[in-house]
Amino acid sequence: MAPEHPKESHQMDHDAQPPPPSSKSVVKDAKKKKDEKKDEDLSEEDQALKQQLELYVERVQDVDPAIQKVALEAMREEIRTATSSMTSVPKPLKFLRPHYGALKSYYEKMVNAELKRYLADVISVLALTMSEDGDRESLCFRLQGSVGDIGSWGHEYVRNLAGEIGNEFQQRQIEEQPVDDLMDLVKQIVPFHVKHNAEPEAVDLLMEVESLDLLVEHIDKGNYKRTCSYLTSFASYVPEPDDTLVLDIAYQLYCKFEKYPDALRVALRMDNTQYVKSIFAACKDFSEKQQLCYILARQGISLDLDGELADSNEQRDILQELISNSKLSEGYLTLARDLDVMEPKTPDDIYKAHLIDGRASAGASVDSARQNLAATFVNAFVNAGFGQDKLMTVPSTESLTGSSSGSWLFKNKEHGKASAAASLGLIALWDVDGGLPLVDKYLYSNDNHVIAGALLAVGIVNCGVHNECDPAYALLCESVNKEDPTTRIGAIMGLGLAYAGSQREEVLKLLTPIVHDFKVGIEVAGFAALSLGLVYVGSCNEDVAQSIILALMDRSEAELGEPLAHFLCLGLGLLYLGKQDAVDATMEVAKTLHEKISKFCQVTLDSCAYAGTGNVLKVQAFLSLCGDHLEKGDSHQAPAVLGIALVAMAEELGLDMAIRSLEHLLQYGEQNIRRAVPLALGILSISNPKISVMDTLSRLSHDTDSEVAMAATVSLGIIGAGTNNARIAGMLRNLSSYYYKDPSLLFCVRIAQGLVHMGKGLLTLNPYHSDRFMLSNVALAGLISFLHGSLDMKSIILGKYHYVLYFLVLAIQPRMLITLDENLKPLSVPVRVGQAVDVVGQAGRPKTITGFQTHTTPVLLATGDRAELATEKYIPLSSVLEGFVILKLNPDYQQDHLSS
Amino acid sequence: MPTVSVKWQKQVFTGVEIDTEQVPYVFKCQLYDLTGVPPERQKITVKGGLLKDDGDWENLGVKEGQRLMLMGTADEIPKAPEKGPVFIEDLPEDEQGTAALGHTAGLVNLGNTCYMNSTVQCLHSVPELRLALKEYSAAVGTGIDPLLHSLTAATRDLFGELDKSLRPVAPIHFLTVLQKKYPQFAQQTNHGLYMQQDAEECWTQLLYVLSQRLQSVPQDEEEVTNPVVEHLFGIELKSFIKCAESAEESSESETVYTLKCHISSEVNHLHEGLKQGLKSELEKTSPILGHSTLHVKESHINKLPPYLTVQFVCFFWKRESNQKAKILRKVGYPLVLDVFDFCTEELRAKLKGPRKVYQETEDAKVGLKKKEKEGAEGVKALQNLGTSTSDENVEMVDDAGQHPSSSEKVCAPEPEVTGIYDLVAVLTHKGRSADSGHYVAWVKQDSGKWIEFDDEQPILQKEEDITRLSGGGDWHMAYICLYKARVALPH
């Protein structure tokens, strides 16, 4: 048989090709004919086989059961032993095809039960090639046949059966018939798949028959990794609530094989605190527990470890400190020192005016408050977390030369001073012990703007880290109820930033009275609502929701028309961030609100509740909202555009589709939609400068509508945030000379430049982390707050509330990998860093990165990069190499004599 | 009496005893001894907020061994500067533009008036001249050409407009007055257009007018007669005239407003051109020989002005074609010019003092920078730096004191010229002959940036492009360079 195959496949190749033109085709045709002819007159061997099989078919229909049995067994033997290539049907099946009908009709007439089952088996296999689509004959005869080893008929047969089972199962579900016989088959197929490296197929089958829980017992040490990676990655494509089910299985599997860090990631993705606690209880290794704490800290979850979760008080303190994330600043500075970027940068180092060709401003001879404010922000973003800069923290010894720290502060005007003082917080980000002394003196200023900024700075310093002494609350709580609205806003926003995601009850008690106190200005109430939304993000907290709704009901129409009234809705929305239908009750209430704000509130609620879920239906709903051409004055389309991005950002496919849909909106949308599109593009490609998005934004940054241009410019900063991307930096430099006469746009360009060089390129704003598996709610909330602030660029960012930019702090994270030894001291090891490759569902051990380079930790990771250890000497305690990773010595490691 | 540990910034003080009998203020005073933070600036976190001065220890439930956090610094509270900065946004609308752009407006070309525009822009870049003009208000005296006055007044008004305006200024009035005073500038072509003129002529005439009318700011009564223009631009030359035949020598001194840079085939650089320009041969009747004979005149600078004008003599009258021709030879010029070599012996001796002081301050600056780099260790290095610089200062004073020539000058409060000049403005010509082509002014701003004033259009330029205007092609070619003196402050 073997020599036949090449020819056969050869012929198939010809068939696949379109007929070649002209004279050549004649020759080919002749050749083809020859091939066919050869097919007809088979080789002697095949001829013999064919005759043999025909004889069996005849004998099966014999009256003597003994002969029948012999014939059936022989036929079975032939089929089972036949081998075939991927492209052709096995010979016995091929020769039996003409007799399929005859065998089937004879089967109906058969009486001998045992033989009937035998024949059913054979027909079931034959049905693999013969059965009509949708008949599911293979399954049908299988069920009537003997219950033998399912794998003996070959892999293809099992796959076909699995497919038919899925269809049959659905059919029976509709008709409400029992499925027990199918489940018996499934129980045979699953172990077969799992054993043969086809875990994805086993998972698929179990998903079809809705009994994924059967999987757990079949998975073993060798294949749990592949299974779990398949489960976790296809969870994003399963509609809720099934996705939780899928993740649950993955969690169980990880727990089963004691991969607690991975289990913790799944538990966090499910947002299941109970699971998190049980992981801590189950994990016995102290180093591994520390690793768990690092993962919790990255996600920004504060967990109180009580007696059961920690072995001793001493260990408890260590773990609690890790969860508080107070080591973040230290680790970040380790990275900065290793990369030698500690030297502070000035805004002029970022603007690089000398690289601009042709006409540009010669530099103002008089200070411009707006440009100084821009420089304040640029300075803050660029030196974020480094604890030193050249404008705000210059040591006072140099005050003799006239450049003391106070003087830059006072180069800002009025509300600009608030942002300038607050920038100290960003410069000292995460370093509570070092940052608060810097801010302290400004708390005693006689200028309300400076005090407000200092209060905000206290909040920013504490953002994402928890200090055991809890200084932020102590410092801020009293100022919340001061008389001056600016001071109040500073303190309120500071609390929101410092306790985002913590669900601190004290903050609730402090801020709810402000939200529904209709005597305070709408701006204070708006910031209070937003801060509460941040603190209780994704918690669905009833009390907070009640007070915000009350405020929305009580306020007058004029007040609801103010730009900051939108923050009330946003605060409400953040409570339900990612909680999907938990928002429904509140949504009903939102429909009853004043028409001025009702629509806006509904859309905002919807976009927040489904943010990061990838829910296609929601994306479509938002798109259709954007299709309307409205009367002037309605403002709900802008959040709908953002909603498209927020919902679709969950996974790569939906993300790409959303980018294309946004292109359409740009073409056909009204002006208010076009203004939001750049921001939506920004969030879709955040800290991940994709060329296509970059080009679109670059084009929009020259748009005739100045608000579109402003949004596009800021978005250029967002997509390049913390990347030092040279292309974006060049674009922005050109924009700075293009807009040198337009102070508002120039301000936006400067902000974008600051963002691109954020943390001198060591930071990211991406709310997704751990191989894009986890979404940080707090970070996303910060981004949404910033985006909503940017929707009304003129009255918020360019107005008095530019400190809204500091909401970005919630999303700022170092994009680093630091390896630690078991005593948590930095340990330098070689790692390979390269472009991540999607290996989900692939058999074997495929390479997970491509185009890699070998570095020594600590190392910087770009978006889409993945790292793996380049040494066997250590074993990482976390499978995802991001952030802080503890390494353990590999007990099996043997020093290579050659390399030593 | 529980003992607690107190964390302050990155320090931890362990075993601090709390006397619960006393008010917390006493505890704060304890901490004041440890940290130096005054009690009223101390913020200590306790349950439910900050520790109050008169709080009750009972309610706070401070436990043995508890860790308290003390916040606060003894830093000085920043005060707003008495005179806050002026922001563009606060300025009246019509001034916002120039302030935002960082340079003044351009001048509209009124028909081949680029020679005038570029001259005005160059002269406008001299702040002392602007100041003097601003204060010019003298009435027309008798016996003075009234046109002198009106042209000076017109210049004053034009400068004022340039300082204020956002948009290009049209110098119509100025042109009319200029043409009235100097009718040659009113020549017209057959088509009724004004003819192109020589910018150098315009420059010279304008300076002449101003020198006639401008008096220095009367700081003290004696100096009233001191003319501003001469003070600013006047170069005192001392010339030795030597007769080739009789070897008789005579000397004379004169004040000129420009140094000529002669361009011949040997001249490649401004330095060589100036040297040639200061040496000339002339026919002169020798009183001894009684007939006209060849004399060699060699000039040296005897007094240096704050602003040194250098003219490239690149136009000459071509007899055969009966027009002014242009030498397109490339003559390089530096951004920093040292004229020490062209000075008389006396002046050189005078310059030595200031030059030495200047050199030392420059060295100190370089040394300063070096030390800053070395001193990565923060405060310690800063302290070293402070001591070392003050040491140098002392030395410098000593040095200056020992030097005989500079010792006289020490008492003089005014800064002294050093003979080193920085380029601040270039007037260029583009084209093949003096009567055609285009004049442009390139002016250095206070911010150190260069602006090309091409009539009404100011364009930002890079410094390295300025030296590329040295000719040798059809590109803009330097015609007049204005240098500003570097001065040294005597100790």
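All figures in this text were calculated on a predicted structure; none of them were measured in a lab. (Residues numbered from 1 in each chain as written. Chains lettered and ligands numbered in written order. Predicted model: local features only at pLDDT ≥ 70, side-chain atom pairs only at ≥ 80, totals over all residues. Heavy atoms only, no water.)

A.B. asks: I'd love a proper account of the overall build of chain B, names of residues and values included.
C.D. replies: Counting its regular elements, chain B contains 14 helices and 19 strands. Across the 491 residues that make up chain B, the buried fraction comes to 43%. A separation threshold of at least 6 residues defines the contact pool for chain B, and within that pool the share at least 24 residues apart is 66%. For chain B, the exposed surface amounts to about 25300 Å²; the carbon and sulfur share of it is 51%. (Helix = DSSP H or I, 4+ residues; strand = E, 2+ residues; numbered from the N terminus. Buried < 20%, exposed > 50% of the residue type's maximum accessible area, 1.4 Å probe, protein only. Contact = heavy atoms within 4.5 Å. Areas by Shrake-Rupley, 256 points an atom, 1.4 Å probe, with all protein chains shown as cover.)

A.B. asks: Just give me the short version of the packing of aromatic side chains, but keep the residues and values in it.
C.D. replies: All names here are of chain A. Under the defined criterion, the tally for this structure stands at 20 aromatic pairs over all chains. Consider the rings of Tyr332 and Trp430, whose centres lie 5.5 Å apart with planes at 85°: the pair is edge-to-face. Placement of Tyr332 in helix H19 (residues 328–338) and of Trp430 in the loop between helix H23 (415–427) and helix H24 (432–440) is noted, with a sequence separation of 98 residues between them. Here Tyr332 and Trp430 have matching classes, each one buried. Arranged with centres 4.8 Å apart and planes meeting at 80°, the rings of Tyr738 and Tyr739 form a pair that is edge-to-face. Taking the relative accessible area as the measure of exposure, Tyr739 reaches 8% and is therefore buried. Aromatic rings pair up to connect Phe527, Phe567, Tyr801 and Tyr803 into one cluster. In this arrangement the basic side chain of Arg370 is found over the ring face of Phe747, its NZ or CZ atom lying 5.5 Å from the centre. One cation-aromatic arrangement involves Arg832 over Phe852; the distance from NZ or CZ to the ring centre is 5.5 Å. (Phe/Tyr/Trp six-rings, centres within 6.5 Å; stacked < 30°, edge-to-face > 60°. Lys NZ or Arg CZ within 6 Å of the ring centre and 35° of its normal.)

A.B. asks: Account for a nonpolar patch on the surface, naming residues and giving values.
C.D. replies: Together, Tyr237, Leu653 and Met657 of chain A give the surface a local cluster of nonpolar side chains, amounting to about 340 Å² of exposed area. Among the structural elements, Met657 of chain A can be located in helix H37 (residues 652–668). (Patch = residues over 30% accessible without salt bridge, like charges linked within 9 Å, V, L, I, M, F, W, Y side chains within 5 Å. Salt bridge = Lys/Arg side-chain N within 4 Å of Asp/Glu carboxyl O.)

A.B. asks: I'd love a proper account of the sheet that holds strand S7 (residues 249–256) of chain B, names of residues and values included.
C.D. replies: All names here are of chain B. Judged by pairing direction, the sheet is antiparallel, and its four strands sit side by side in the order S7-S6-S10-S9 without closing on themselves. Edge positions in the sheet fall to S7 and strand S9 (279–285), since each has one partner strand and no second. Sheet twist, expressed as the mean angle between neighbouring strand axes with direction ignored, is 35°. Bridge count between strand S6 (residues 235–243) and strand S10 (residues 292–303): eight bridges; the pairing is antiparallel. Considered in S10, the bridge of Lys238 is made with His300. (Pairing = 2+ DSSP bridges. Axes fitted to C-alpha atoms, helices over the stretch in contact; angles between N-to-C directions.)

A.B. asks: Please set out the confidence of the model for chain A residue by residue, giving values where relevant.
C.D. replies: All names here are of chain A. Mean pLDDT over chain A: 85, with 91% of residues reaching 70 or higher. Of all secondary-structure elements in chain A, the lowest mean pLDDT belongs to helix H1 (residues 4–16), at 43, while helix H40 (residues 706–719) reaches the highest, 95. Note that pLDDT drops below 50 for residues 1–26; the model gives that stretch 23 contacts with residues more than four away or on any other chain. Confidence over residues 396–405 falls short of pLDDT 50; this stretch has ten contacts with residues more than four positions distant or in other chains. (pLDDT = per-residue confidence, 0-100.)

A.B. asks: For a positive patch on the surface, give the residues involved together with the corresponding values.
C.D. replies: Positive charge collects at one region of the surface, where Lys221, Lys225, Lys259, Arg845 and Lys847 of chain A lie side by side. You can call Lys847 of chain A exposed: its relative accessible area is 63%. (Lys, Arg positive; Asp, Glu negative; His and termini not counted. Charge placed at Lys NZ, Arg CZ, Asp CG, Glu CD.)

A.B. asks: Give me the side chain of Arg733 of chain A: which residues, what numbers.
C.D. replies: Mapping Arg733 of chain A onto the fold places it in helix H41 (residues 726–738). When near neighbours in sequence (up to four residues on either side) are disregarded, Arg733 of chain A contacts Tyr351, Lys352, Leu355, Ile356 and Gln753 of chain A.

A.B. asks: Give a detailed account of the UniProt feature "domain: 26S proteasome non-ATPase regulatory subunit RPN1 C-terminal" (unreviewed entry) in chain A, specifying residues and quantitative values.
C.D. replies: Under the local residue numbering, the UniProt record ascribes the feature "domain: 26S proteasome non-ATPase regulatory subunit RPN1 C-terminal" (unreviewed entry) to residues 840–893 of chain A. Annotation note: span residues 840–893 of chain A, helix share 0%, strand share 46%, distance between end C-alpha atoms 29 Å. (UniProt positions renumbered as here; feature names shortened; annotations may be inferred.)

A.B. asks: For unusual backbone geometry, give the residues involved together with the corresponding values.
C.D. replies: Here Thr857 of chain A and Pro858 of chain A are connected by a cis peptide whose omega angle stands at -5°. Note on placement: Pro858 of chain A falls in the loop between strand S7 (849–856) and strand S8 (859–860). Here the phi dihedral of Asp455 of chain B falls at roughly 50°; this positive angle occurs in a residue that is not glycine. Relative to the helices and strands, Asp455 of chain B resides in the loop between strand S17 (450–454) and strand S18 (457–461).

A.B. asks: Can you break down empty space enclosed by the protein residue by residue, with the values?
C.D. replies: Residues and elements named next belong to chain A. Summed over all chains, the structure comprises seven cavities of 30 Å³ or more. Here the largest cavity defines a volume of roughly 260 Å³. As for the largest cavity, its lining consists of 27 residues, of which Gly300, Cys463, Gly464, Val778 and Gln813 are closest to the centre. Of all elements in the fold, only helix H17 (286–299), helix H27 (485–498) and helix H43 (777–791) reach the threshold of two or more residues within the lining of the largest cavity. Ranked by residue count, the leading element in the lining of the largest cavity is H17, at three residues. Per-class residue counts for the lining of the largest cavity are 16 nonpolar, ten polar and one charged. (1 Å grid on protein atoms, 1.4 Å probe; cavity = no way out; pocket = protein on both sides within 12 Å on 5 of 7 lines; lining within 4 Å. Points joined across faces, edges and corners; volume = space filled by probe spheres on them. Nonpolar A, V, L, I, M, F, W, Y, C, P; charged D, E, K, R; others polar.)

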